[in-house]
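# Summary of structural features
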Amino acid sequence: MPQIHTSHPKIGYLCTYVPEEILHAAGFLPVRIMPGTTPPTRADAHLQSYTCCFARGCLDLALAGKLNDLAGVVFTHTCDTMQGLADIWREVFPHLLVETIVTPVTLNSPHAQKYLVAELRRFTAALEKHFDVRVTDDALRASIRAYNARRRALADFYARRAEFSAVEWFNVMNTALTRPPEELEMPQAAIENQKSKIGLVLLGATIDEPTLPQILDDLGARIVADDFCNGARYFDTLVAEDGDPIEALAVREIARAACPCKHRALDHRIERVLKLVREHRADGVIFYHKKFCDPHAWDYPPLAAALDREKIAHLLLEVEQVAPLGQTRVRVEAFLEMLSA
Amino acid sequence: MSERRYKKLKTAPQLKTLLERHYLAAKYFHPGKPIAWVTSGAPVEIVRALDLFPVYPENYGALCGARGASAELCQVAEARGYSADLCAYARSSVGMMNDAKRAPLGGLPRPDVLITCGNICGTVLKWYEAAARHYGAPLFILDTPFIHADDGEPTPHAIAYVAVQLDEMIAFLEKQTRRKLAREKLFDVLRLSIEAVNLWREVREMCRARPSPLNAPDLFLNMAPIVTLRGTKECVEFYRALKDEVAERVAHKVSALPEEKYRLLWDNIAIWHHLYKFYNHFVDYGACFVVDTYTGGWAMRMNEQGDPIEGLARTYTQVFLNQSLQVRARDMIDLVQRFDVDGFVMHSNRSCKPYSAGQYDIRRIVTEQTGKPGLIIEADHSDPRSYDDAAIRARIQMFMEGLQARG
């Protein structure tokens, strides 16, 4: 297994459809790029104000020189904005490796997997060529084992998340995604969270900053499940540790809980969300949506209708870069009061 | 709506009749032909060869915009939870699904099948999912991997993937229609498609003439048949007549504008809700849009030789909206040079993120390489609610005065 230290070259990625294992097996530390919390004014020269704060925020960090330790950035094909951002990134940072793994959209197609295997091999070859490295099957298998171990550890942590605060949950997840797989910092001791009575399911693309978790902690609500890209969807499925490693990675990509940019079945996400609510006996659902995020905005009306049919209460929070503390708190508080009434 | 202030085409009544007939037949008279909703970039040749009746919700969205019906239909969708930041074509379509009596022509006919192709955007996936839920109609999704490569060439595995899905699409439609695809019929439709596409490309190329025989709104209005009737005899006949008329204008040096002083390029979808009013601001300065990136989307090169399925896979995967900003910038530079324009105007279209994200960089690249200035105007292709005519006019004035100062 290649020795990875944080001092080793890092490659950034923007979506959990990027197989970290391939980057890791090539000798890099894969780190998830998350937007900063200052207004992304530098990105205004490249992206319109009607694109999402995630895309603008990530680009802004790079333009501010805060990602100068990255040897490359890897995208996958998801939404229209990220598709555009990938080309912009390539234009602005021509010296970096900027690659997009053009993942399939129709995950239910019987041909998607074969295509994805070929695309992952193309990407691996591009990586090898750019950095003059070799990605061997043995190294890939070792990396798969390392990331599976981390996914298992995160799943275990999630199973015990009732013991932890929402802020701890947020910190564990976001720290893990920037560290080597064998490093996982867990909160030392479970805290007493006496007020945690109301259980919530959180839905959205990514959760980038801890305003909402902090509010939930303050108001005594627990996050019992989520569907974030940098949340439960990250460790949702493991990679097979035998067989061809690239094929195993492709199988996992297809089998994972799908992002709304992808199509598994017409009502895949509706059924998944209802299952999360039932399995975790949640009292309500919070949609934590970014303004201008089309795929999640599209999924909102059918999801909201399905929750209404099941008489499950829900709240839509639409945020820009940082959730406005006062307003968010007032709305969440009213929602929790309604749930406990 | 404002009137046009430039020369009207003699073929205009023919265009009007053709489209009216299409929408009336779609709604009331299509014996034995199931209705297929298709996206503008879908391989409609297969749909036609199986004798379905294709209708185009995007074209209908443009029609809603041009007829001033979009805002109300969008509000119907927004009241049902659809964000006002989503594509206005899609929002007005959702509005139409839920409240047809507010919709022009009483709305589109109910789909028997839905065919969506991701080569133009990600929105059409979600839009057609919504339509599939609403109507309970079967949905086929054609996944055309985006091309980030600088040479604009799809990977071999992408072509193989699209080709095998086209076989699946045929099987899907055969099952839905209980018909067998006759290869001969597919070839017939393909030939008609290729002929119309070639005629349309020739018409566009004729605008290289000085003065230009057409202005942008002519291109926008006359692209409707290439989108909605591609693969039919009527479509070919229409473009033959149009080509004759445009060729005659060129031969007699007939200008679209009263006087062509400036030649411009247009980028992105038309501003349908202020079509004449908006472009008249440029007519005031004698500025003619002689070419655009949008209507060229249906002037692709189609090949009659070889395996038709692989040919379709290649053609539909390579459409310009499935290409990187680098390739789109290169294509725009080619148009700037070949059409000898003085500048370009980019519509930063709130409704169309794949077309718009990257425009700032494209503008910089095109100006660096050609020396021609570019103006970016933010608007929406069909939702008029954020359109600020006074502010837009002021920006146009500044841009045109800059061009005048260049001499």
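Figured I'd write up the structure that's included with this text. (Residues numbered from 1 in each chain as written. Chains lettered and ligands numbered in written order. Predicted model: local features only at pLDDT ≥ 70, side-chain atom pairs only at ≥ 80, totals over all residues. Heavy atoms only, no water.)

On to the sheet that holds strand S5 (residues 198-203) of chain A. Sheets are built from strands that pair by backbone hydrogen bonding, the pairs being arranged parallel or antiparallel. All names here are of chain A. The sheet built from 4 strands is open, its strands ordered S6-S5-S7-S8 with parallel pairing. The strands lining the two open edges of the sheet, one partner per strand, are strand S6 (221-226) and strand S8 (313-319). Neighbouring strand axes in the sheet, compared pairwise and without regard to direction, differ in orientation by 30 degrees on average. Here S5 pairs with strand S7 (residues 284-290) via 4 bridges, running parallel. Each residue of the ladder has a partner; that of Leu 202, found in S7, is Ile 286. (Pairing = 2+ DSSP bridges. Helix = DSSP H or I, 4+ residues; strand = E, 2+ residues; numbered from the N terminus. Axes fitted to C-alpha atoms, helices over the stretch in contact; angles between N-to-C directions.)

Another aspect to go through is unusual backbone geometry. Of note, the bond from B:Arg210 into B:Pro211 is cis; its omega dihedral lies within 30 degrees of zero at -5 degrees. Residue placement: B:Pro211 occurs in the loop between helix H8 (183-206) and helix H9 (216-222). A positive phi angle, near 45 degrees, is found at A:Arg281, a position not held by glycine. With respect to the element layout, A:Arg281 can be found in the loop between helix H10 (268-279) and S7. With relative accessibility at 73%, the residue A:Arg281 sits in the exposed group. In this structure, B:Asp51 takes a positive phi of about 65 degrees despite not being glycine. The partly exposed category is assigned to B:Asp51, whose relative accessible area is 29%. (Buried < 20%, exposed > 50% of the residue type's maximum accessible area, 1.4 Å probe, protein only.)

Here the structure, examined in full by the defined rule, presents 8 cavities of 30 Å³ or more. Roughly 630 Å³ of volume is contained in the largest cavity. Surrounding the largest cavity, 48 residues form its lining, A:Thr78, A:Cys79, A:Asp80, A:Cys261 and A:Pro295 being those nearest its centre. Mapped by element, the contributors of at least two residues to the lining of the largest cavity are helix H3 (80-92) and helix H11 (294-309) of chain A together with strand S3 (113-117), helix H6 (123-135) and strand S4 (139-142) of chain B. In terms of residue class, the lining of the largest cavity is made up of 27 nonpolar, 13 polar and 8 charged. (1 Å grid on protein atoms, 1.4 Å probe; cavity = no way out; pocket = protein on both sides within 12 Å on 5 of 7 lines; lining within 4 Å. Points joined across faces, edges and corners; volume = space filled by probe spheres on them. Nonpolar A, V, L, I, M, F, W, Y, C, P; charged D, E, K, R; others polar.)

This paragraph deals with the pattern of salt bridges. Side chains that differ in sign of charge can pair as their charged atoms come close. According to the stated counting rule, one finds 57 salt bridges over all chains in the structure shown. Here A:Glu21 ties to A:Arg151 by a salt bridge, and the two come within 2.9 Å at their closest N and O atoms. With A:Glu21 in helix H1 (residues 20-25) and A:Arg151 in helix H5 (residues 137-159), the pair connects residues that are 130 residues apart, well separated along the chain. You can call A:Glu21 buried: its relative accessible area is 1%. Between B:Arg91 and B:Glu78 there is a salt bridge, and its shortest N-O distance comes to 2.6 Å. A residue pair is termed long-range when its members are at least 10 positions apart, and B:Arg91 in helix H5 (residues 88-98) and B:Glu78 in helix H4 (residues 70-79) qualify at 13 residues. What makes B:Arg91 buried here is its relative accessible area of 2%. Salt bridges linked by common partners bring A:Asp227, A:Arg233, A:Asp236, A:Arg269, A:Arg272, A:Asp299, B:Lys126 and B:Glu129 together as one network. (Salt bridge = Lys/Arg side-chain N within 4 Å of Asp/Glu carboxyl O.)

Any functional reading would require information beyond the geometric quantities listed.
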